[in-house]
Amino acid sequence: MNAPTDFVALKTRQQAAWASGDYAVIGTTLQIVGESLAEACDLHTDERVLDVAAGNGNATLAAARRGAKVTSTDYVDALLQRGAERAKAERLDVSFQVADVEELPFEDASFDAVLSTFGVMFAPDHARSASEMARVCRPGGRIGLANWTPEGFIGQLFKVLGKHVPPPAGVQPPALWGTQAHLHELFGDNAEKIDAIPRIFNFRYRSAAHFIEVFRTWYGPVHKAFGALPADKAQSLEGDLTELLNRLNRAGPAALVVPSEYLEIVITRR
């Protein structure tokens, strides 16, 4: 029989990965996704909004810009500090709190909307994370998510990483959160309805080499993958990433523009 997955040990490793590099360098480029999600959730002034696995705060800022009363959470304090710097620069009143999406320290039905952009999908226990988001969202409230799809560029990127550095056994792939079937499995009992629309985010860099340099330096999972490999295997990973990027590049030889599909999801809480 397979031993049960040690989620505590796994999350400790994940925290170290996301704290390595500086995700904010990548995260700020994704701000448009947070803005689109805030509009899709039709956030109102003074609504209570929770951003989980918030990273450096894209959905947090989008909600606060619309006058919501926002609590921004992540289990990596350094990422929340980046979000706090951004909120301070815009004079936005946001509460920042270290919290694990799998064990949220909030009362039942205490928020009008719960958001996550490319965050909760990386928590190892999918069912528990979804249950916690539903628990703290009031009946009739909204759960808004932006999740990479398995078929999109980031989904393919993680498959390449997994070929070179195998993911932990017994853990569901993050990109399952970008499939309608998995969303209905996770939220169906707590959802009045689930609306999911495919969207595209364009990664824009100078070249494949430029993308790899930035992600290898700043993006935790890629940074850790390269760090775990000896030189020859790291070179092989770089080659596979270069092939993927060049194959999906729609900008020609002078630049890199890689479309990446994600699902924009609005779940109405039952």
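Conventions and cut-offs
- Residues numbered from 1 in each chain as written.
- Predicted model: local features only at pLDDT ≥ 70, side-chain atom pairs only at ≥ 80, totals over all residues.
- Heavy atoms only, no water.
- Helix = DSSP H or I, 4+ residues; strand = E, 2+ residues; numbered from the N terminus.
- Buried < 20%, exposed > 50% of the residue type's maximum accessible area, 1.4 Å probe, protein only.
- Expected span 1.5 Å × (residues − 1).
- Arc of directions from axis to C-beta.
- Contact = heavy atoms within 4.5 Å.
- Polar contact = N/O pair within 3.5 Å; in protein donor to acceptor, adjacent residues only side chain to side chain.
- Phe/Tyr/Trp six-rings, centres within 6.5 Å; stacked < 30°, edge-to-face > 60°.

Undergrad: Tell me about the environment of Gly140, and name the residues and values.
TA: Relative to the elements of secondary structure, Gly140 occurs in strand 5 (residues 137–148). Accessibility expressed as a relative area gives 38% for Gly140, which makes it partly exposed. A sequence separation of 109 residues divides Gly140 from Asn249, and the C-alpha atoms of the two residues are 41 Å apart.

Undergrad: Any details on helix 1 (residues 7–19)? Residues and values, ideally.
TA: Look at helix 1: 18 Å from first C-alpha to last across 13 residues, which is about the 18 Å you get at 1.5 Å a residue. Restricting attention to buried positions, one finds in helix 1 the residues Leu10, Lys11, Gln14, Ala17 and Trp18. Looking straight down helix 1, one finds its buried side chains confined to an arc of 115°; they lie on one side. Opposite the buried face of helix 1, at more than 90 degrees from it, the exposed residues are Val8 and Arg13. For helix 1, the elements touching its buried residues are helix 2 (23–27), helix 5 (77–89) and helix 10 (220–228). Taking the backbone nitrogen of Val8 as reference, a side-chain oxygen 3.2 Å away marks Asp6 as the first, capping residue of helix 1. Positive backbone phi, at 65°, marks Gly21, one or two positions downstream of helix 1.

Undergrad: Mind laying out the packing of aromatic side chains, listing which residues take part and the relevant values?
TA: Per the stated rule, a full pass over the model turns up 20 aromatic pairs. Their ring planes at 45° and their centres at 6.0 Å tell us that Tyr23 and Tyr219 sit as a pair that is tilted. Note that Tyr23 is positioned in helix 2 and Tyr219 in the loop between helix 9 (208–218) and helix 10, a separation of 196 residues in sequence. What makes Tyr23 buried here is its relative accessible area of 10%. The buried category is assigned to Tyr219, whose relative accessible area is 6%. When the centroid spacing of 3.8 Å and the interplanar angle of 5° are considered together, the rings of Phe118 and Trp148 count as stacked. You can see Phe118 sitting in the loop between strand 4 (111–117) and helix 6 (126–136) and its partner Trp148 sitting in strand 5, a full 30 residues away along the chain. No difference in accessibility class separates Phe118 from Trp148, as the two residues are buried.

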